[in-house]
Amino acid sequence: MRRFILFIMLITPIALMAQRGEVILKGEVGTISAPAKAWLSCLTESVSFSESVSIQNGQFEFRKIIDAPVKASLSIGPKGYPNIKSKCLYVYLEPGKTITVVGNPDSISNAKIVGSKINTDYQKLQIALKSSNQKNEALKAEYKKLSVEKQNEAAVQADFDKRDEAISKEQKAIFVNFIKTNPDSFISLEEALKGYGGVMPKYSDVAPLFRTLSKNVKNTKEGKEYAALLERVNAIAVGKMAPDFTQPDVDGNPVKLSDFRGKYVLVDFWASWCGPCRKENVNVVKAYSIYHPKGLEIIGVSLDANITKSSWIEAIKQDKLSWKQVSDLKLQNEAAAIYAVHAIPQNVLIDPNGKIIGKNLRSQDLENKLAELLK
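Keep in mind the model is a prediction, meaning the values are calculated, not measured.

Caption draft 1: Focus on the environment of Asp-244. Within the secondary structure, Asp-244 is located in the loop between α7 (221–235) and β10 (246–248). Between the C-alpha atom of Asp-244 and that of Phe-260, which follows or precedes it by 16 residues, the distance is 11 Å. With residues near it in sequence (within four places) discarded, Asp-244 still touches Lys-256, Leu-257, Ser-258 and Ile-338. A distance of 2.8 Å separates a polar atom in the side chain of Asp-244 from a polar atom in the side chain of Ser-258.

Caption draft 2: A look at the environment of Ile-24. With respect to the element layout, Ile-24 can be found in strand β2 (residues 21–28). For the pair Ile-24 and Ile-167, spaced 143 residues apart in sequence, the C-alpha to C-alpha distance is 37 Å.

Caption draft 3: Just the pairing of strand β5 (residues 59–66), in detail. Burial along β5 is one-sided: the residues Phe-60, Phe-62, Lys-64 and Ile-66 are buried and none of Gln-59, Glu-61, Arg-63 and Ile-65 is. Inspection of the sheet shows β2 paired to β5 by eight bridges, in the antiparallel sense. Paired with Glu-28 across the bridge in β5 is Gln-59.

Caption draft 4: Looking closely at the packing of aromatic side chains. What the rule picks out here adds up to seven aromatic pairs. Between the aromatic rings of Phe-210 and Tyr-226, the centroid separation amounts to 6.1 Å while the plane-to-plane angle is 45 degrees, which identifies the pairing as tilted. Residue Phe-210 is found in helix α5 (residues 203–211), and its partner Tyr-226 is found in helix α7; the two are separated by 16 residues along the sequence. Judged by its relative accessible area of 5%, Tyr-226 is buried.

Caption draft 5: Layout of the state of the cysteines. Scanning all chains against the criterion turns up one disulfide. Note that Cys-274 is cross-linked by a disulfide to Cys-277, the S-S spacing being 2.3 Å. Taking the sign of the S-S torsion, about 75 degrees here, the bridge from Cys-274 to Cys-277 comes out right-handed. With no disulfide partner, Cys-42 has as its closest neighbouring cysteine sulfur the one in Cys-88, 12 Å distant.

Caption draft 6: Region of interest: the packing of helix α1 (residues 117–145) against helix α4 (residues 186–197). Two elements in contact, α1 and α4, have axes separated by 9 Å at closest approach and are oriented at 40 degrees. In terms of orientation, α1 and α4 fall into the oblique class. Classified by chirality, the crossing of α4 by α1 is right-handed. The residues of α4 that touch α1, namely those facing Ile-118, Asp-121, Tyr-122 and Leu-125, are Ile-187, Glu-191 and Ala-192. Its residues assigned to classes, the contact of α1 with α4 comprises five nonpolar, no polar and two charged.

Caption draft 7: Highlighting the sheet that holds strand β14 (residues 324–326). Taken in spatial order, the five strands make up an open sheet running β14-β13-β12-β16-β17, and their pairing is mixed. Looking at strand neighbours, the two that pair on one side only are β14 and β17 (356–359), the edges of this open sheet. Recorded for the sheet is a direction-independent mean angle of 20 degrees between the axes of neighbouring strands. Relative to strand β16 (residues 346–350), strand β12 (residues 264–270) runs antiparallel, the two being bridged by five bridges. Looking at β16, one finds that Phe-269 is bridged to Gln-346. Where helix α8 (residues 275–291) meets the sheet, it contacts β12 and β13 (296–302), and its direction lies at approximately 160 degrees from that of β13. Where helix α11 (residues 363–373) meets the sheet, it contacts β12, β13, β16 and β17, and its direction lies at approximately 5 degrees from that of β16.

Caption draft 8: Looking closely at the sheet that holds strand β8 (residues 98–102). Taken in spatial order, the four strands of this open sheet run β5-β2-β8-β9, and their pairing is mixed. Both outer strands of the open sheet, β5 and β9 (112–114), are each paired with one neighbouring strand and no more. For this sheet the average axis-to-axis angle between neighbouring strands, irrespective of direction, equals 20 degrees. Here three bridges tie β8 to β9, and the two strands are oriented antiparallel to one another. Note that in β9 the partner of Val-101 across the bridge is Ile-113.

Definitions and limits used
- Residues numbered from 1 in each chain as written.
- Predicted model: local features only at pLDDT ≥ 70, side-chain atom pairs only at ≥ 80, totals over all residues.
- Heavy atoms only, no water.
- Helix = DSSP H or I, 4+ residues; strand = E, 2+ residues; numbered from the N terminus.
- Contact = heavy atoms within 4.5 Å.
- Polar contact = N/O pair within 3.5 Å; in protein donor to acceptor, adjacent residues only side chain to side chain.
- Buried < 20%, exposed > 50% of the residue type's maximum accessible area, 1.4 Å probe, protein only.
- Pairing = 2+ DSSP bridges.
- Phe/Tyr/Trp six-rings, centres within 6.5 Å; stacked < 30°, edge-to-face > 60°.
- Disulfide = S-S within 2.5 Å.
- Axes fitted to C-alpha atoms, helices over the stretch in contact; angles between N-to-C directions.
- Parallel < 35°, antiparallel > 145°, perpendicular 65-115°, else oblique.
- Left-handed = near helix turned anticlockwise from the far one by under 90°.
- Nonpolar A, V, L, I, M, F, W, Y, C, P; charged D, E, K, R; others polar.

Right under this line is the structure:
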């Protein structure tokens, strides 16, 4: 199916104009008692924890000191450990708030959250998305039931892509409506706008929606960070000059993007540990074999870190990637940061003058574009 991008970033913390304080999360989940436990987990760039408390007569309570609202997951373990077969409940923890979760221990994901406007708005959006989310899950389940051979059939892929795109279009309409009717809600930014734009937002689509948000939302730390992201995205939009960068190849020799000026260049962001990237490498190898003799160059930028350098080099050999490969082997690849890469695989196609003429072209789309340019 079309959506096989691998996310490489952590859940971003929400940073509202809130003071550091204690959040109390209470639970009312039936009548279960020990050894039953409630598990609360949060993983962000600034906050990371996973802890549990015992449940007595269906009651539990967490107390945490936090600097700003963060999104956490809550799960119930009737036998003392998290039930991996049961869906968790996502809840926003806010400093100075007492938040109550009321629900069934066997289906905590459907629990009601009381005591927080952010959570009220979040659940309102989830209700609006429920139908399309169910369609999406059903489509994924149907796809997984197919044999690998069937999944790889062009007609089958085209059919699933078409249905997947229809669901995506439906969800985007819901996001847009939520943003327009709730401009002063932080959920409009954190869930709706980011859900609409995805990890590869298109400036011309997302920026107008961002501008409709209230000053209160845009002036939050998260709002300012997203505005900065949009500016970076705009700087690498199709039609703009490609920012230059220099990174070492597998032998440590510096490679500069601008050294390839005069040719069509595909900058391909990937990593050895990225399954979807390794799968897409097959298509890139095919495109390179056809169009390299006609003037195409490729620079593979790996998001591997120093700890996975040997895996990176081995992946180059296994996947038969014969073009130039570079990486600074840092946890945050500098070239990826310049090109606002938050998920892989991604690529950027650059013309002989150094102008960006295509982005995120994969499989047949990549071949079609190259055929158009390099007849």
